[in-house]
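Chain by chain, the residues run as shown.
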Amino acid sequence: MKLEYARSLLFLPASNGRAIEKARGLSSDMVILDLEDAIPDADKDRARRSAVAAIDEGFGTKLIAVRLNMAGTRWHQEDIAAFAGTAADYLVLPKVESAAQAERVYRECGRPVIAMIESVKGLMEAQSIAAAAGTAALFVGTNDLRIDLKIPAQAGREGLVTALQMIVMAARLSDKAVFDGVYNQLDDADGFMAECREGYAFGFDGKTLIHPNQIAAANTVFGPSLPDVENAYRLIAAASGGAERFEGRMIESMHVTGARALIARAEACGMGR
């Protein structure tokens with residue numbers, strides 16, 4: 001699957017072998033083995049070894065990524081060295097604040113980088129980070145970004161709207177994928193679904209997740225619906241060039257391009273004809 005088609009991107013602690021084994025049978029499009037926030041300092045080395053072993057064993061057709069420890073920590077260089085020779089599809093780099101940070105990891109490891117935008121400085125540099133050599137996509141680190149912006153913990157996402165849209169625009173300017181941040185309330189299915197719909201409306205390609213029970217909703221919201229797919233096939237079949245009427249609305253070439261893109265995404269998600 002192309003990264004841009006991923007709907008559900010599940011973070012897992014790299015030290016949790018049981019969760020990793022279970023993840024192989026889940027319907028998430030990507031598994032992200034986390035070496036950073038989910039791992040206590042004393043377990044960092046063990047988690048790195050576990051991640052390497054898990055990648056060697058494979059995850060079938062899922063995309064596989066590893067979230068490295070942040071640049072400047074004592075584990076960062078060892079992380080880069082460990083995954084340079086693995087089959088990891090992507091390396092997730094936390095708290096990126098310059099294009100040079102992403103470029104260096106790509107140059108040293110030879111793996112495409114997903115840059116996490118988690119600070120005001122990173123937000124202001126998001127355009128150049130997205131354009132950097134080796135940057136494949138942007139993740140939004142909403143939890144850290146909230147803290148940096150001094151948004152109250154109990155507040156909704158109203159204060160993040162400008163930041164979220166800036167990150168989407170930065171990614172689109174360089175034709176890169178972009179993914180919404182995690183939702184922390186594991187027992188709030190309605191709230192999670194609402195945030196997925198909001199992220200979809202903002203233009204995100206998919207959503208990063210912290211629990212398997214969030215996968216189905218993310219796949220539903222960020223994946224094409226069957227009626228939309230059927231509509232896309234009809235539109236392409238009916239289009240003859242230029243502006244014309246189709247099922248009560250006006251269409252032109254850009255709508256055909258959009259319909260083809262939607263069908264490609266549907267096929268990647270196993271929904272094509």
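For the structure itself, look to the data block above.
Residues numbered from 1 in each chain as written. Predicted model: local features only at pLDDT ≥ 70, side-chain atom pairs only at ≥ 80, totals over all residues. Heavy atoms only, no water.

With that settled, the discussion passes to helix α2 (residues 44-57). Under the 1.5 Å per step criterion, the end-to-end length of α2 is 20 Å for 14 residues, consistent within 8% with the ideal 20 Å. For α2, the set of buried residues is K44, A47, R48, A51, A54 and I55. Down the axis of α2, the sector holding all buried residues measures 130 degrees, keeping them to one side. Counted as exposed and oriented over 90 degrees from the buried face of α2: R49, D56 and E57. Lining the buried residues of α2 we find α1 (17-23), β2 (30-34), β3 (63-67) and α3 (76-83). Positive backbone phi, approximately 95 degrees, marks G58, located one or two places after α2. (Helix = DSSP H or I, 4+ residues; strand = E, 2+ residues; numbered from the N terminus. Expected span 1.5 Å × (residues − 1). Buried < 20%, exposed > 50% of the residue type's maximum accessible area, 1.4 Å probe, protein only. Arc of directions from axis to C-beta. Contact = heavy atoms within 4.5 Å.)

One way to put it is that α2 packs onto α3 with a least axis distance of 11 Å and a crossing angle of 15 degrees. Relative to α3, α2 is oriented roughly parallel. Classified by chirality, the crossing of α3 by α2 is right-handed. For the pair α2 and α3, the contacting residues are D45, R48, A51, V52 and I55 in the first and E78, D79, A82 and F83 in the second. The residue inventory of the contact of α2 with α3, partitioned by class, reads 5 nonpolar, no polar and 4 charged. (Axes fitted to C-alpha atoms, helices over the stretch in contact; angles between N-to-C directions. Parallel < 35°, antiparallel > 145°, perpendicular 65-115°, else oblique. Left-handed = near helix turned anticlockwise from the far one by under 90°. Nonpolar A, V, L, I, M, F, W, Y, C, P; charged D, E, K, R; others polar.)

For soluble globular proteins, nonpolar side chains are generally found buried alongside one another. Counting 56 residues, the largest nonpolar core has L33, V66, F83, L138, I167 and F204 as the members making the most contacts within it. Here this core takes 6 residues from helix α8 (residues 161-173), the largest share from any one element. Setting aside anything within four residues of it in sequence, one finds F204 in contact with V140, L164, V168, R172, V178, F179, D180, G199 and F222. Within the second largest apolar cluster, 18 residues are counted, among which are L3, F11, M30 and Y90. (Core = buried A, V, L, I, M, F, W, Y, C linked by side-chain atoms within 4.5 Å.)

One can find E244 in strand β9 (residues 244-246). Overall, the relative accessible area of 16% leaves E244 in the buried class. Separated by 33 residues in the primary sequence, E244 and H211 place their C-alpha atoms 46 Å from one another. Within the structure, E244 has its side chain in polar contact with the backbone nitrogen of G241 (distance 3.3 Å). (Polar contact = N/O pair within 3.5 Å; in protein donor to acceptor, adjacent residues only side chain to side chain.)

This part covers helix α10 (residues 215-222). Most of α10 is tucked away, with 6 of its 8 residues classed as buried. The set of residues buried in α10 consists of I215, A217, A218, N219, V221 and F222.

Our focus in this paragraph is the layout of surface pockets. Estimates place the volume of the largest pocket at around 500 Å³. Around the largest pocket, the lining comprises 25 residues; the ones closest to its centre are E4, Y5, R172, D205 and R265. Looking at the lining of the largest pocket, the elements that each hand over two or more residues are α8, α10 and α12 (253-268). At 4 residues, α12 tops the list of elements feeding residues into the lining of the largest pocket. Here the lining of the largest pocket is composed, by residue class, of 12 nonpolar, 5 polar and 8 charged. (1 Å grid on protein atoms, 1.4 Å probe; cavity = no way out; pocket = protein on both sides within 12 Å on 5 of 7 lines; lining within 4 Å. Points joined across faces, edges and corners; volume = space filled by probe spheres on them.)

This part is about the environment of L262. Within the secondary structure layout, L262 lies in helix α12. On the basis of relative accessibility, which here comes to 25%, the residue L262 falls in the partly exposed class. C-alpha of L262 to C-alpha of G223: the two residues are 39 residues apart in sequence and 9.2 Å apart in space. Excluding residues within four positions of it along the chain, L262 makes contact with P224, D228, V229 and A232.

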